[in-house]
Amino acid sequence: MNKSILAVLSLLLLTAVSVPAAEDGGLEIGLDYRFRIDSLSGSVHEYSQVDINPATGLPTGTYTGVQKYDVKNDSVFMNRFGMNLKANPVEDVTMKARLVMYKLAGHQTSNPVMGTFFADRYGATNDGTVSHVPEDSILRVDYAYATVSNIFDAPVWFSVGRRPSTGGIPSNIRQNSDKMGTAGIPSLMVNYAFDGMTLGYAPDIAALPGAYAKLCYGRGFDSGFQVDAPGAPTLRDTDFVGVNMAAYDSEKLHVEVQWQKGMNIFDAPSDAGVSTNLGDISWIGAVVTGKVSSLNLFVSAATSKTDPNDNLTGPGGAPMAGLMYNAGEKQSHSGSAIYLGGRYDIASTGTKIGAEYNRGSKNWISMVPAEDDLWTGKLGTRGDVIEVYVIQSLNRKPVAKKGEAFVRLGYQMYNFEYTGSNNWVGAPAKISELTTSQASGPQMLPPVEKAQDIYLTFDVKF
């Protein structure tokens, strides 16, 4: 039997016989399971492709015209199992962890959902997407961190560890999950698993219930040992800093603003062979959610701005592109995005009906590769995405604490206007203007123009 499964069963058995109640300072466990099936289809616009020498991995200097074509995967089955752990070992200290297995049916790799179309779904999972993009049956740590509260007898907390920096507000609404307390972040700007720390402050202001502010830090890539020798690589660590402020946080209204900066951005995912640092990216954005009776509404907006250095990257290290620019065209670029939608809850039937829309501009870039969208993280799209869904509860009486079971049927429609969604390497190009001629701008990745995903999930939680 798989060692991970044995470990889970042993932990559950020990919990059942020896762990005191959570309110007495013991261990609290929550489990969740999701079955998901997706049907994917899309179309690739005609384009000119950069030819790569398979023996060297380097560009050959030649180009091939590619006619438009369709691509699809009629059915992808996935199983996800999660375990949430929470403990209060000593006064004012809390530990939280989440373990996740996210497996593709009939496979022990992520290959069936990794294409050559988008940077965040290219190659394999990495440090920022592990446990969030389906692959094998290994139970991995999604997040694990400890928090010290009431520092100096003040409403101040410090938290350190593998951060809960995925599944943030307001994307939790379509996932049918609760907002992640003060730990979450705006999903339009970040959906990426970081290791880091947070320093927070939650003053008691009568006019601003639930208000808090926090300073966040995350390590996106560790460059390892540096060698002081002629010609040695000069990689730097990739770090992220941010300031998050919630001006109002209640069940009916939440207002949140965040500024963040990524420094020494890598040219490839941290586990896929980073070859150089390309510069910095800064973001600022806000999200407002509200609830009026049975209607949940939200709107979120953000801007991004690149500050490139002179470093270039490409296949095999070929100097072809920098941070949002092509070789010889160095320039800073600003982008913007908006994300809005709502969900109407029908309590009498346990039905929830939702609709969402998001749009990103030509130079919009976000940090959302850990989204569970199979084509690509929809909130990083340069173009439009429409999503509609229905959630239906099984309407069974809960036996376990916080027990629930529901199905979710949804549809996503992508309309990509520019190339490079979720990719900061190279300059975007207008897809409708691409031709098979090299003059229109050769592409490294096939430019998907239209795509859709029909999905169905069955979730059980307690």
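What counts and what doesn't
- Residues numbered from 1 in each chain as written.
- Predicted model: local features only at pLDDT ≥ 70, side-chain atom pairs only at ≥ 80, totals over all residues.
- Heavy atoms only, no water.
- Helix = DSSP H or I, 4+ residues; strand = E, 2+ residues; numbered from the N terminus.
- Rg over C-alpha atoms; globule rule 2.2 N^0.38 Å.
- Buried < 20%, exposed > 50% of the residue type's maximum accessible area, 1.4 Å probe, protein only.
- Areas by Shrake-Rupley, 256 points an atom, 1.4 Å probe, with all protein chains shown as cover.
- Lys, Arg positive; Asp, Glu negative; His and termini not counted.
- Charge placed at Lys NZ, Arg CZ, Asp CG, Glu CD.
- Core = buried A, V, L, I, M, F, W, Y, C linked by side-chain atoms within 4.5 Å.
- Contact = heavy atoms within 4.5 Å.
- Pairing = 2+ DSSP bridges.

A.B. asks: Give me the lowdown on the overall build of the protein chain, citing residues and values where you can.
C.D. replies: Within the protein chain one finds one helix and 20 strands. Taken against the 2.2 N^0.38 rule, which gives 23 Å for 462 residues, the C-alpha radius of gyration of the protein chain at 23 Å falls within 12% of a compact globule. With the C-alpha coordinates of the protein chain rotated into their principal frame, the extents come out at 70 × 55 × 50 Å. Buried residues in the protein chain amount to 45% of all 462 residues. Here the protein chain displays about 21,300 Å² of accessible surface, and carbon together with sulfur accounts for 60% of that area. Across the protein chain, the 38 positively charged side chains and the 46 negatively charged ones have centroids separated by 5 Å.

A.B. asks: Which residues make up the nonpolar core, and what values go with them?
C.D. replies: If you look at the biggest cluster of nonpolar residues, it comprises 31 residues, and the most contacted ones within it are Leu188, Phe266, Ile281 and Trp424. Elements that contribute at least two residues to this core include exactly β12 (279–292), β13 (295–308), β16 (334–346) and β18 (383–393). In this structure, Phe266 is in contact with Tyr192, Gly220, Phe221, Thr238, Val274, Thr276, Leu278, Met367 and Trp424, ignoring residues within four places of it in sequence. Among the nonpolar cores identified, the runner-up in size contains 24 residues, and Val76, Val133, Tyr414 and Leu434 belong to it.

A.B. asks: Outline unusual backbone geometry, supporting the account with residue identities and numerical values.
C.D. replies: At the junction of Ile169 and Pro170, the peptide bond is cis and its omega measures out at 5° in the coordinates. Relative to the elements of secondary structure, Pro170 occurs in the loop between β7 (156–162) and β8 (195–201). Even without being a glycine, Ser131 presents a positive backbone phi close to 80°. Considering the arrangement of structural elements, one finds Ser131 in the loop between β5 (93–104) and β6 (140–148). Although it is not a glycine, Ser293 sits at a positive phi angle of roughly 60°. Counting through the fold element by element, Ser293 comes out in the loop between β12 and β13. Look at Ser293 and you get exposed, because its relative accessible area is 66%.

A.B. asks: Would you mind going over the pairing of β13 in detail, with residue names and values included?
C.D. replies: Side chains Asn296, Phe298, Ser300, Ala302, Ser304, Thr306 and Pro308 project from β13 onto a buried face, and the interleaved Leu295, Leu297, Val299, Ala301, Thr303, Lys305 and Asp307 project onto a face without burial. Bridge count for β12 against β13 is 14 bridges, and the pairing is antiparallel. Within β13, the residue paired with Ile281 across the bridge is Thr306. Between β12 and the antiparallel strand that follows it, β13, lie two residues; Ser293 among them carries a positive phi value of about 60°. The pairing of β13 with β16 spans 11 bridges and is classified as antiparallel. When the sheet's bridge partners are listed, Leu297 is paired in β16 with Gly342.

A.B. asks: Before we move on, could you go through the side chain of Glu135 and cite the residues and values that matter?
C.D. replies: Of note, Glu135 is situated in the loop between β5 and β6. Judged by relative accessible area, which is 9%, Glu135 ranks as buried. Every residue in contact with Glu135, bar those within four places of it in the chain, is listed here: Tyr102, Lys103, Leu104, His107, Gln108, Thr109, Ser110, Thr125, Val130 and Arg140.

A.B. asks: Give a detailed account of the pairing of strand β20 (residues 448–461), specifying residues and quantitative values.
C.D. replies: Pairing of strand β1 (residues 27–44) with β20 involves 13 bridges; the strand directions are antiparallel. Its bridge partner lying in β20, Asp32 is registered against Lys461. Of the strand pairs in this sheet, strand β19 (residues 404–416) and β20 are connected by 12 bridges, and their pairing is antiparallel. Looking at β20, one finds that Met413 is bridged to Gln452.

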